[in-house]
Amino acid sequence: MYGVIALSAKKRVNENIKKAAAYIFSSVCGMIVSGIFLALFSGVMYVLSMPPETAGAMSLIALAAGCVCAGYVCGAIKLRKGLRSGLICASVISGIALLVSALSGNLNGSSAAARLITAAISCCTGSVCAVNRRNE
């Protein structure tokens, strides 16, 4: 009897690890895409001699692109519950982005709200698109 209980508990632990790994992997993919977009936008700003005020908008676009990618990867892995998967990915990415902003001293209320809303909408959009895509 004890072996059956231990086996089912081990199975639940393995399922939870797989779930967490899907969210972590998709969030890392999204952060990599965001980093690539930030580097590209930095180069564009340098080459075109754009004013520093445009950096905020470009960083928000880079965050949105990374969140769409993270949501899409998570939706492709999970294949169901797109909104929930997208919100979980958005919370992971937003938590890391807010932590980095707080540590660097660039955290204020208006930018944090914009980042949270952008991340949630973008991740959910990517995840729902991945869940609802057709494999033809």
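Data block above holds the structure.
Everything numeric in this text was worked out from a predicted model, so none of it was measured. Along each chain, residue indices are assigned from 1 in the same order as the chain's sequence is written. Local features in this predicted model are restricted to residues whose pLDDT is 70 or higher, and side-chain atom pairs enter the listing and the counts only when it is 80 or higher, whereas totals over whole chains, interfaces and linings include all residues. Side-chain numbers here rest on the full set of heavy atoms in the structure, without hydrogens or water.

With that settled, consider unusual backbone geometry. Outside of glycine, negative phi angles account for most residues, and trans bonds account for most peptide bonds. Of note, L79 is a non-glycine position whose phi angle comes to about 60°, a positive value. Overall, the relative accessible area of 53% leaves L79 in the exposed class. Its identity as a non-glycine residue notwithstanding, K81 has a phi of 55°, on the positive side. To sort residues, take the accessible area from a 1.4 Å probe on protein chains only and compare it with the maximum for the residue type: under 20% means buried, over 50% means exposed, and anything in between is partly exposed.

On to the environment of Y72, then. Tracing the backbone through its elements, the reader meets Y72 in helix 2 (residues 55-78). Look at Y72 and you get partly exposed, because its relative accessible area is 37%. With 50 residues separating them along the chain, Y72 and S122 place their C-alpha atoms 9.5 Å apart. Here a residue-residue contact requires only that any non-hydrogen atoms of the pair lie within 4.5 Å. Residues in contact with Y72, not counting those within four places in the same chain, are G126, S127, C129, A130 and R133. A run of H or I in DSSP counts as a helix once it spans at least four residues, and a run of E counts as a strand once it spans at least two, with each numbered from the N terminus.

All right, on to the side chain of T118 then. By secondary structure assignment, the location of T118 is in helix 4 (residues 109-131). Polar contact is the term for a pair of N or O atoms within 3.5 Å; when the atoms are in protein, one must be able to donate a hydrogen and the other to accept it, and sequence-neighboring residues count only if both atoms are side-chain atoms. A distance of 2.7 Å separates a polar atom in the side chain of T118 from the backbone oxygen of A114. Apart from the residues lying within four places of it in its own chain, the contact partners of T118 are L60 and A64.

Once that is clear, we can look at helix 2. Between the first and last C-alpha of helix 2 there are 34 Å, a value that for 24 residues agrees with the 34 Å anticipated at 1.5 Å per step. Among the residues of helix 2, M58, A62, L63, A64, A65, G66, C67, A70, G71, V73, C74 and G75 are the ones counted as buried. Within two residues after helix 2, L79 carries a phi angle of roughly 60°, on the positive side. A helix's residues, less one, multiplied by 1.5 Å, set its expected span.

Between the N-to-C directions of two axes lies an angle of 0 to 180 degrees, each axis being a line fitted to C-alpha atoms and, for a helix, fitted only over the stretch in contact. Interhelical geometry of helix 2 versus helix 4 gives an angle of 35° and a closest axis separation of 7 Å. The two elements helix 2 and helix 4 cross, and the hand of that crossing is right-handed. Across the interface between the two elements, L60, L63, A64, C67, V68, G71, Y72, G75 and A76 from helix 2 touch A114, R115, T118, A119, S122, C123, G126, S127, C129, A130 and V131 from helix 4. Handedness of a crossing is defined here by the sense of rotation of the near helix relative to the far one, left-handed for an anticlockwise turn of less than a right angle and right-handed for a clockwise turn.

On to the nonpolar core, then. Counting residues in each nonpolar core, the largest one holds 10 residues, listed as Y23, L63, C67, A70, C74, C89, A90, I93, A119 and C123. Elements supplying a minimum of two residues to this core: helix 2, helix 3 (82-104) and helix 4. By residue number, the principal contributor to this core is helix 2, which donates four residues. Excluding its chain neighbours within four sequence positions, the residues that come into contact with A90 are A119, A120 and C123. Here, nonpolar core means buried Ala, Val, Leu, Ile, Met, Phe, Trp, Tyr and Cys residues that are tied together by side-chain atoms lying within 4.5 Å of each other.

What follows is about the environment of F25. Secondary-structure assignment places F25 in helix 1 (residues 2-47). Residue classification places F25 among the partly exposed positions, given a relative accessible area of 48%. Sequence-wise, F25 and I77 are 52 residues apart; in three dimensions their C-alpha atoms are separated by 9.9 Å. Filtering out sequence-adjacent residues up to four positions away, F25 remains in contact with V73 and I77.

A rise of 1.5 Å per residue sets the reference length of helix 3, with its 23 residues, at 33 Å; its end C-alpha atoms lie 33 Å apart and thus fit the reference within 8%. Looking only at helix 3, the buried set comprises G82, S85, G86, C89, A90, I93, S94 and S101. Count one or two residues on from helix 3 and you reach G105, which has phi positive near 85°.

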